[in-house]
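Summary of structural features
Chain by chain, the residues:
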Amino acid sequence: MIKVLTIVGARPQFIKAAAVSRVIRDSFAGKIEEVLVHTGQHYDENMSQVFFDELDIPHPRYNLEISGGRHGEMTGRMLESIEKVLLDENPDWVLIYGDTNSTLAGALAAAKLHMPVAHVEAGLRSFNMRMPEEINRILADRVSNLLFCPTETAVKNLAAEGVAKGVFNVGDVMYDVSLFYRELARERSNVLRDFKLDEGGYVLATCHRAENTDDPVRLLAIVDALAAIARSMPVVFPLHPRTRKLLTEDGHLDRLGIVKLIDPVSFIDMVRLEQSAQAIVTDSGGVQKEAYFYGVPCLTTRDETEWVETVNSGWNKLVGADAGRITHAFVELRRPESHHPLYGDGRAAERIVQLLLEHRS
Ligand code: UD1
Ligand code: UDP
């Protein structure tokens, strides 16, 4: 029996961890004990608990209740608390996901205690060091013993940094999740009815990246573009708490005009909204890929993306944060003819769990 200590804290991490936890529970019950640590980074009911309930994620043994504050402050508080948990639990593996402050704190705490670290979603790079996520993922990769890459691009990024040992292209756990929930979402979600949306007759938008929300020029350009698109087609916009706070504080919510502003939705509702959208406008990493999984054209309001395959395939277009560019790209949007699997075969989580067992120290 090995003990895997999983560290999560932010919405996308709950979703990724759900895939791996399910495999551990269903296929490796007597071989692996999973201990879940929630840092508390995301804490609203609709940013946290709803995912645990809906995606059957085990109840966290620890909730560190650490959120907010500056980056150093948040990461430092997490580092201190995670270290204590690691000393108490003494796991065989510390399993971290993605590129948030919770990822970095988990990686550092484990590495300093010489505990082996496994990183899911290793090797992604935007090559933009102004993004907090880029710093987090580079440092997390640097101290990881197993690096689970979702794509060949990620493997190459690591190779370019001289990292080859412990690197595996396992596929994307989010693709596993999308296969599991695509039909369930159609059966269970009432979100289209609740918000009076027609199948294929609306645009789905999200926006939360610091590079957009914390720059008023970029944020207002995105707001104006969504307001303009909404004059020709309904736009539904589940607002991340970070974005709601900034738009409210600056008195800009009204500028969204007839855009349907809604609270963050559960995962099943989000999948349903994605599947039936005419197009998606987002700066989210996860949502860009889900747009691809469900064959929906995407406009990404960033200047670069880690998920370059979606752009190369023609399904995703980088439009920056320029109102004119976004609205023009929306008018020009076409569905490419071909759609190939780019993110594995839906068995990434199985490979991850198998590799954790094979490489136990
Ligand atoms: C974090 C990640 C980002 C990821 C995103 C997923 C970092 C540096 N950033 O960004 O990579 O894409 O999560 O959603 O780790 N808030 C609430 N309720 C919540 C959560 C947040 O009100 O449940 C508000 C708080 O005011 C908080 C702010 O949102 O200060 C930002 O939250 P934080 O976790 O710092 O960053 P995110 O923007 O969510
Ligand atoms: N998501 C959700 N409800 C929402 C918005 C997003 O369930 O209201 C899901 C979305 O489907 C994707 C994940 O959250 O799986 C993406 O998280 P987010 O955009 O917060 O972070 P990122 O992927 O950019 O790190």
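In the block above lies the structure referred to throughout.
First, a word on what this report is: a plain description of the structure on this page.

Some points on the site of ligand 2
Of all residues adjacent to ligand 2, which total 19 residues, the nearest are Arg 11, Val 265, Ser 284, Gly 286 and Glu 290. Between ligand 2 and Arg 209 there is a distance of 3.0 Å, counted from an oxygen atom to a side-chain nitrogen or oxygen. Take Val 265: an N or O atom from its main chain is 2.7 Å from a nitrogen atom of ligand 2. Across the complex, the protein chains shield 96% of the 530 Å² of accessible surface that ligand 2 would expose by itself.

A word on the sheet that holds strand E6 (residues 146-149)
Two pairing modes exist for strands in a sheet, parallel and antiparallel, and in both the strands are linked by backbone hydrogen bonds. Across the sheet, 7 strands lie side by side as E3-E2-E1-E4-E5-E6-E7; this open sheet has parallel pairing. The sheet terminates laterally at strand E3 (62-63) and strand E7 (167-169), the two strands that pair on one side only. Bridging between strand E4 (residues 93-97) and strand E5 (residues 117-120) involves 4 bridges; their strand directions are parallel. What sits directly across from Val 94, in E5, is Val 117. Sitting on the sheet, helix H3 (residues 71-89) is in contact with strand E1 (2-8), strand E2 (32-38), E3 and E4, with an inclination near 165° to E1.

Examining the nonpolar core
Soluble, globular proteins show a tendency: their nonpolar side chains are buried together. Counting residues in each nonpolar core, the largest one holds 74 residues, and the members touching the most others are Val 20, Leu 95, Phe 148, Leu 273 and Leu 356. Per-element accounting of this core gives the leading share, 8 residues, to helix H1 (residues 11-27). Phe 148 has contacts with Leu 95, Ala 118, His 119, Val 120, Glu 121, Ala 122, Phe 168, Val 170, Ile 352, Leu 355 and Leu 356, leaving out every residue within four places of it along the chain. Counting 26 residues, the second largest nonpolar core, distinct from the first, contains Ala 205, Cys 207, Val 223 and Ile 326.

As for the pairing of E2
Most of E2 sits inside the fold, with 6 of its 7 residues counted as buried. As paired strands, E1 and E2 are joined by 7 bridges and run parallel to one another. Each bridged residue has a counterpart across the sheet, and for Ile 7 the counterpart in E2 is Val 37. Taken together, E1, H1 and E2 form a β-α-β motif whose crossover is right-handed. When E2 meets E3, the two strands line up parallel, connected through 2 bridges. The partner of His 38 across the bridge, within E3, is Asn 63.

Section: unusual backbone geometry
At His 114, a position not held by glycine, the phi torsion is positive, near 60°. Inspection of the secondary structure assignment puts His 114 in the loop between helix H4 (101-112) and E5. For His 114, a relative accessible area of 73% gives the class exposed. The residue Phe 127 is not glycine, and still its phi comes out positive at about 60°. Tracing the backbone shows Phe 127 in the loop between E5 and helix H5 (132-142). Residue Phe 127 is classed as exposed on the basis of its relative accessible area of 64%.

Overview of the packing of aromatic side chains
Each aromatic ring pair is specified by the distance between its two centres and by the angle formed by the two planes. Counted according to the given criterion, the structure contains 9 aromatic pairs. A connected cluster of aromatic rings, assembled from ring pairs, spans Tyr 175, Tyr 292, Phe 293, Trp 307, Trp 315 and Tyr 343. Taking the ring centre of Phe 180 as reference, the NZ or CZ of Arg 22 above it sits at 3.8 Å. For Lys 289, the ring lying beneath its charged end belongs to Trp 307, and the centroid distance is 3.7 Å.

Thoughts on the environment of Glu 350
Tracing the chain through its elements places Glu 350 in helix H16 (residues 348-358). Residue class for Glu 350 comes out partly exposed when judged on its relative accessible area of 35%. Along the backbone, Glu 350 and Arg 22 are 328 residues apart, and their C-alpha atoms lie at a distance of 9.5 Å.

Observations concerning the site of ligand 1
Near ligand 1, the surroundings consist of 20 residues, among which His 42, Asn 101, Glu 133, His 208 and Arg 242 are the closest. For ligand 1, an oxygen atom lies 2.8 Å from a polar atom in the side chain of Gln 41. Interatomic distance of 2.6 Å between a side-chain N/O atom of Glu 133 and an oxygen atom of ligand 1. With the chains in place, 88% of the 740 Å² that ligand 1 exposes on its own is no longer accessible. Elements that contribute at least two residues to the shell around ligand 1 include exactly H3, H5 and helix H11 (241-249). Class assignment of the residues belonging to the shell around ligand 1 gives a composition of 7 nonpolar, 7 polar and 6 charged.

Observations concerning the pattern of salt bridges
Any two side chains of opposite charge can pair, on the condition that their charged atoms come close. Scanning the model with the defined rule gives 26 salt bridges in all. The partner of Arg 70 in a salt bridge is Glu 73, with the nearest N and O atoms 3.8 Å apart. For Glu 73, a relative accessible area of 35% gives the class partly exposed. We note a salt bridge from Glu 161 to Arg 125, for which the minimum N-O separation is 2.6 Å. Residue Glu 161 is located in the loop between helix H6 (152-160) and E7, and its partner Arg 125 is located in the loop between E5 and H5; the two are separated by 36 residues in the primary sequence. Classification of Arg 125 by relative accessible area gives buried; the value is 3%. Salt bridges here are not isolated pairs; linked through shared partners, they connect Asp 99, Glu 134, Arg 137, Glu 211, Arg 302, Glu 304 and Glu 306.

Quick notes on the rules
Residues numbered from 1 in each chain as written. Chains lettered and ligands numbered in written order. Predicted model: local features only at pLDDT ≥ 70, side-chain atom pairs only at ≥ 80, totals over all residues. Heavy atoms only, no water. Near = heavy atom within 4 Å. Polar contact = N/O pair within 3.5 Å; in protein donor to acceptor, adjacent residues only side chain to side chain. Areas by Shrake-Rupley, 256 points an atom, 1.4 Å probe, with all protein chains shown as cover. Pairing = 2+ DSSP bridges. Helix = DSSP H or I, 4+ residues; strand = E, 2+ residues; numbered from the N terminus. Contact = heavy atoms within 4.5 Å. Axes fitted to C-alpha atoms, helices over the stretch in contact; angles between N-to-C directions. Core = buried A, V, L, I, M, F, W, Y, C linked by side-chain atoms within 4.5 Å. Buried < 20%, exposed > 50% of the residue type's maximum accessible area, 1.4 Å probe, protein only. Right-handed = clockwise from strand over helix to strand, strands pointing away. Phe/Tyr/Trp six-rings, centres within 6.5 Å; stacked < 30°, edge-to-face > 60°. Lys NZ or Arg CZ within 6 Å of the ring centre and 35° of its normal. Nonpolar A, V, L, I, M, F, W, Y, C, P; charged D, E, K, R; others polar. Salt bridge = Lys/Arg side-chain N within 4 Å of Asp/Glu carboxyl O.

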